[in-house]
Amino acid sequence: MAIFENNQRLAYFDVSLNLIQGEFPKNLSSLCKLQVVRLYVNHFNGNITSILGGALGCVQSKWKIFSVFDNNFSGDLPNQFGDFKELEVLDLSGNSISGSIPTNLGELSSLRNLYLSNNKLSGTIPESIGQLSNLKELHFEHNLLYGIVGELHFENLKSLTSLDISSNKLILNVSSAWVPPFQARDIDLSDCKVGPEFPRWLQTQRNITTLSMSNVSISGGITDWLYNISSNIESLDISSNMLRGQVPRDIGDKMPRLRVLRLWGNNLTGGIPSSLCKLNRLFEINLSKNQLSRRLPRCWGALQDLWAFAFGDNQLNGQIPKSFCHLQQLAILSLRRNGFTGEIPICLSNLPLFFIDLSDNEYTGRLPPFGKHSPYLAVINLEKNRLVGGIPPQFCQLRNLHFLSLAQNNISGPIPNCIDSFSSMVDSVYFVVFLTMNTLNFVVNTKGTSQIFGDVLTFYFSIDLSANMLGGQIPEEFTRLVALQNLNISQNNLSGHIPSNISDLKHLESLDLSRNKLSGTIPSGISSMDFLSHLNLSFNRLSGPIPSGNHLRTVDDESTYRGNSELCGAHLPKICLRDEPPSSDGHDGSEDKPSERDLDIHNWFYAGLGPGFTVGFLGFCSILHFKRSWRVSYFRAMDRAIEKFSMTMMITMFWFKRTFRQRE
């Protein structure tokens, strides 16, 4: 950047949030007055060692803030960190920086905020970090760090308010009597080895608002003393551990400020406490993958801020409470794999849902008319229930739909012709779904919530209507869903032809049309679908040759086409006419393909052979009957031929006998 060349007095440099690309200049050594450098959220690249080393070219660096998060910087951290005596903020998160953390990082006595998260740092955390007495925020999450973190790492961190060492391979090893020198607000130890018991030192933390200990190998029940520090807690995540017992009945009374509760992936039993309905600020609740039973409380209507409700993979039963109809902010609803019965409330179609998964239950009745009141609905999974009726025409208003599964129900009627109204599948970069896709990425990348989606994201653009009673023809509109990756409409009563331009689905990876009543030929263009890895056309009424092409080799086996007696081609018992073996002279006839007229002539020729032979044979017999001289000559000739043939056979037999005797 030319700005660095003739500006020796530059003290403040901020080009953040501009998405600038290219290599960042290394001549920072000439800017000895520089104090603040903010480059975050760009696409700068270059070696971080060269950039920081250039700044150290001055006699004494005056840097106070160096924030470059979310760029493409790489390389190892330099060992001269101790020279940044006035540095207060160091944010290198969200890059590709590797190597180990320098031990002299602990010499930055003025440092208040240290962010090294989301890089490729490896090795252990140096104990010198514990000497940063002014440090308030320490974030090392999402790296490749390993080893033991002990009491010396926190020895003088008396100002620490935020600690995040999650998503590494670290072991927290402190004595049961240890009392931290700090009072933290935010603590995240997820994916570290902390258990098997709740760490006792947490009892001393009275200011905690966010506590995350997901997958830290904690077992036993939810300890009672947790309530003593819970009055300020807004987010509690103890998911994916080995917790037992019941969800405390008075949890809603003890944690009145709770906004996020994640206890999924444990062994919790019993019912859902109704005191949860008192948490009128609750934003997300996730108790999936436990052994919870009984019915859901009916009191959810007061939770006007509730955005995500996930109780899937439990043993809950009963009906969906009607109070759900009042959750005007609800975007994610997951109740899959339980024992819920009754009808799905129609009022759910009036909520601003983004994701709904009620699969693998015992719901009856008709499909809710999802449509214009759910403009951002991207995922619908209602498979494995007992739903009846047809597909509501309102579904065609779901322009942002990415995943639809109604499989294994009793749904009947035709597939709507307006299915190409799923604009997100017509154009995968359709601008209207920008918000939807960002929301999905946020939820998937947020700890503790990615499991909500289960196997839905196997195919991001997918339609599964299999194992129902759908009839009619396959709508031509399917072929306009060019972003579609999975299409399964097998085990229905569909008839008619496979759309001739199905090859327009260029991104299709799996296509299953088996066990229907489809007829006609297989479109030749199907052999040009580059990504197709699974194809099933079995048990239909298809006829004609199987298309040939390199792209079908991975799916070209007998099971793909089984149950279509009129199909012919490779891997099938029936050989097509054009696939007959080549003649003895090696000519396979591929250069002289017969026309339809030639085939008609051949058919008439072979059809006339039988009658012609019969007429000729009867005419010959008539002549022998009426012409005595011809009859006598004919039988004499036959006698001589038979006699000659008999003599030849006798001579041949004698020759074989003599040959065998000689060999013996």
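Higher on the page you've got the structure.
Residues numbered from 1 in each chain as written. Predicted model: local features only at pLDDT ≥ 70, side-chain atom pairs only at ≥ 80, totals over all residues. Heavy atoms only, no water.

### Concerning the overall build of the protein chain
How we decide: In this text, helices come from DSSP runs of H or I with a minimum length of four residues, and strands from runs of E with a minimum of two, each type numbered from the N-terminal end. When accessible area is computed with a 1.4 Å probe and restricted to protein chains, residues below 20% of their type maximum are described as buried, those above 50% as exposed, and intermediate ones as partly exposed. Contacts: residue pairs with any heavy atoms within 4.5 Å of one another. With residues, only the protein chains shown are counted as cover, and all accessible areas are computed by Shrake-Rupley using a 1.4 Å probe.
Counting secondary structure elements, the protein chain contains seven helices and 40 strands. Sorting the 664 residues of the protein chain into buried and exposed places 49% on the buried side. Taking the intrachain contacts of the protein chain between residues at least 6 apart in sequence as the baseline, contacts between residues at least 24 apart amount to 54%. With an accessible surface of roughly 32600 Å², the protein chain has 51% of that area assigned to carbon and sulfur atoms.

### Topic: unusual backbone geometry
Its identity is not glycine, yet Asp-70 carries a phi of approximately 60°, on the positive side. For Asp-70, the location among the structural elements is in the loop between strand S5 (65-67) and strand S6 (72-76). Although it is not a glycine, Asp-191 sits at a positive phi angle of roughly 70°. Among the structural elements, Asp-191 can be located in the loop between strand S15 (186-188) and strand S16 (210-212).

### Focus on the sheet that holds strand S35 (residues 493-497)
Let me state the cut-off plainly: Whether two strands pair comes down to DSSP finding at least two bridges between them.
Read from one edge to the other, the open sheet built from seven strands follows the order S29-S31-S33-S35-S37-S39-S40, with strand pairing classed as parallel. Only two strands of the sheet have a single neighbouring strand rather than two, namely strand S29 (388-389) and strand S40 (566-568). Pairing geometry for strand S31 (residues 410-414) and strand S33 (residues 469-473), over three bridges, is parallel. In the strand pairing of S33, Gly-413 is matched with Leu-470.

### Quick word on the sheet that holds strand S24 (residues 315-318)
Taken in spatial order, the three strands line up as S22-S24-S26 in an open sheet, and their pairing is parallel. Strands at the two margins of the open sheet, each flanked by one partner only, are strand S22 (293-295) and strand S26 (339-340).

### Focus: the nonpolar core
Put simply, the rule reads: Put simply, a nonpolar core is a bunch of buried Ala, Val, Leu, Ile, Met, Phe, Trp, Tyr and Cys residues held in one set by side-chain atoms that sit within 4.5 Å of each other.
By size, the foremost hydrophobic cluster in this structure holds 152 residues, and its most contacted members are Phe-66 and Phe-309. Of all elements in the fold, only helix H1 (48-55), strand S12 (144-149) and strand S14 (169-172) reach the threshold of two or more residues within this core. Looking at which element gives the most residues to this core, the answer is H1, with three residues. Setting aside chain neighbours within four positions, we find Phe-309 in contact with Ile-285, Leu-296, Trp-300, Phe-324, Leu-330, Ile-332, Leu-333, Ser-334 and Leu-335. Ala-308, Ala-331, Ile-332 and Phe-403 belong to the second-largest nonpolar core, a separate cluster that totals nine residues.

### Section: the pattern of salt bridges
Opposite charge on two side chains permits pairing when their charged atoms draw close. Note the threshold: Any Lys or Arg side-chain nitrogen found within 4 Å of a carboxyl oxygen on Asp or Glu counts as a salt bridge.
In the structure shown here, the tally under the stated rule is nine salt bridges. With a closest N to O distance of 2.9 Å, Glu-284 and Arg-262 form a salt bridge. One end of the pair, Glu-284, is in strand S21 (residues 284-286); the other, Arg-262, is in strand S20 (residues 260-262), and 22 residues separate them in sequence. Here Glu-284 matches Arg-262 in class, with each residue buried. The shortest N-O distance in the salt bridge between Arg-336 and Asp-313 comes to 3.1 Å. Of this pair, Arg-336 sits in the loop between strand S25 (332-334) and S26 while Asp-313 sits in the loop between strand S23 (308-310) and S24, and the two are 23 residues apart along the sequence. Relative accessible area serves as the criterion here: at 17%, Asp-313 is assigned to the buried category.

### A closer look at the packing of aromatic side chains
Defined as follows: Think of it this way: a Phe, Tyr or Trp ring, Trp meaning its six-membered ring, pairs with another when their centres are within 6.5 Å, and the plane angle makes it stacked under 30 degrees, edge-to-face over 60, tilted otherwise. A ring is considered to have a charge above it if a Lys NZ or an Arg CZ atom is located within 6 Å of its centre and within 35 degrees of its normal.
Enumeration over the complete set of coordinates arrives at 14 aromatic pairs. Aromatic side chains Phe-13 and Phe-24 sit 6.5 Å apart centroid to centroid with 55° between the ring planes, which places their arrangement in the tilted category. Linking Phe-13 in strand S1 (residues 12-14) with Phe-24 in the loop between strand S2 (21-23) and strand S3 (36-38), this pair joins segments that are eleven residues apart in sequence. The burial state of Phe-13 is the same as that of Phe-24; both residues are buried. With a centroid separation of 6.3 Å and an interplanar angle of 5°, the aromatic rings of Phe-340 and Tyr-363 are classed as stacked. One end of the pair, Phe-340, is in strand S26; the other, Tyr-363, is in the loop between strand S27 (355-357) and strand S28 (379-381), and 23 residues separate them in sequence. Residue Phe-340 shares its accessibility class with Tyr-363, and that shared class is buried. A network of ring pairs unites the aromatic residues Phe-154, Trp-178, Phe-182 and Trp-201 as a single cluster. Cation over ring: Arg-515 sits above Phe-539, and NZ or CZ is 4.4 Å from the ring centre.

### Observations concerning the state of the cysteines
How we decide: By disulfide we mean two sulfur atoms from cysteines, separated by a distance within 2.5 Å.
Counted according to the given criterion, the structure contains four disulfides. Linked covalently through their sulfurs, Cys-568 and Cys-576 form a disulfide whose S-S length is 2.0 Å. Across the disulfide from Cys-568 to Cys-576, rotation about the S-S bond amounts to roughly 100°, and the bridge is consequently right-handed. Each member of the pair Cys-568 and Cys-576 is classed as buried.

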